[in-house]
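# Examining the three-dimensional arrangement
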Amino acid sequence: MVALGSASMKSCCKMISMVMVAVGVYARLMKHAEAAMACLAVDPAILLIVVGVLMFLITFCGCIGSLRENICLLQTFSVCLTIVFLLQLAAGVLGFVFSDKARGKVSEIINNAIVHYRDDLDLQNLIDFGQKEFSCCGGISYKDWSQNMYFNCTADNPSRERCSVPYSCCLRTADEAVINTMCGQGMQAMNYLEASKFIYTNGCIDKLVNWIHSNLFLLGGIALGLAIPQLVGILLSQILINQIKDQVKLQLYNQQHRADPWSSPPRARLMESPAVSVACSMQGSDGATIQSSHLGLHSLNDEVFHVHPAG
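Calculation criteria
- Residues numbered from 1 in each chain as written.
- Predicted model: local features only at pLDDT ≥ 70, side-chain atom pairs only at ≥ 80, totals over all residues.
- Heavy atoms only, no water.
- Helix = DSSP H or I, 4+ residues; strand = E, 2+ residues; numbered from the N terminus.
- Buried < 20%, exposed > 50% of the residue type's maximum accessible area, 1.4 Å probe, protein only.
- Contact = heavy atoms within 4.5 Å.
- Areas by Shrake-Rupley, 256 points an atom, 1.4 Å probe, with all protein chains shown as cover.
- UniProt positions renumbered as here; feature names shortened; annotations may be inferred.
- Disulfide = S-S within 2.5 Å.

### Describing the overall build of the protein chain
Looking only at helices and strands, the protein chain has ten helices and three strands in total. In sequence order, the protein chain lays out its α and β elements as α-α-α-α-α-α-α-α-α-α-β-β-β. Split into buried and exposed, the 311 residues of the protein chain put 28% on the buried side. In the protein chain, the share of contacts with a sequence separation of at least 24, taken over all contacts with a separation of at least 6, comes to 59%. Working note: accessible area of the protein chain is about 20500 Å², and carbon and sulfur atoms make up 66% of it.

And the structure:
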């Protein structure tokens, strides 16, 4: 039962890892990753492929180890899963302890994404989705869009979007049937009070931090949902390893006593050896009938005869 449950869980994880690898390979082949590499530390497609391959290898060891009852593969699976769990736990603790540095890193990533906003369509859609979802504009404020070469406010910028912000920064009305993609025209030239009538002026970093603080229980539930399957996998693999070791010890014990049945203590031999009762009658030299019974054969050298004269 333990082996079946462990194998089922590992098969599910294996399917998830294969899907991740497939998505990463598709994303890598269908688009160029220069913009993503420029604004992110790791290309998301490469990250998906690497994580998917690692998950596949770890779950492969666990699945084959549980089906074949291979202690080495099960121990490899358990150790790798323990390392992954500890790394996730350490990342969460460090992110909480060094929250200021984590905030600075997030700010750096957002600013780099703003710089390469027009260089990658997927990145552009991601930024627009984030700004519309969190009702924000830029990293710290809407003026952060001046870092982008197309939205820069310098006088020598020939772009039509000079001093503008993306349409995702604009305030939306309920009766808006057609999206006005030029609604952010010239907004960086306005002050905060004037611009707040048309666009979101607050940055996305503060909005993101506030969202995290207001959804701590949700994030905790997600983290717990990721941690429980890992802990269950570690526990089941260790239980299965102990069961396999017990079976191996039992088989070795049985093989040893089957090969050398007389190696057990004399008392044990006496309890294990069947007693053979033989009844026979003999005619003595003096005419008396001698009956022999209860012939106990416990070994080749030990024969016990209990002789009782007749009559």
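### A short note on the UniProt feature "transmembrane region" (unreviewed entry) in the protein chain
The feature "transmembrane region" (unreviewed entry), as annotated in UniProt, sits at residues 12-29, 35-60, 72-98 and 216-241 in this numbering. Along residues 72-98 the backbone is 96% helical and 0% strand, and the end-to-end C-alpha distance reaches 38 Å. As annotated, residues 216-241 has a helix share of 100% and a strand share of 0%, and its two end C-alpha atoms lie 37 Å apart.

### Overview of the state of the cysteines
Under the counting rule described, the total for this entry stands at four disulfides. Here C136 connects covalently by a disulfide to C204, the sulfurs 2.0 Å from one another. In this structure the cystine formed by C136 and C204 twists about its S-S bond by roughly 90°; its chirality is therefore right-handed. Of this pair, C136 sits in the loop between α6 (121-134) and α7 (192-195) while C204 sits in helix α8 (residues 204-214), and the two are 68 residues apart along the sequence. Numbered by order of appearance in the sequence, the disulfide-linked cysteines of the protein chain pair as 1-8, 2-5, 3-4, 6-7. Left unpaired, C61 is separated from the closest cysteine sulfur, that of C80, by 6.6 Å.

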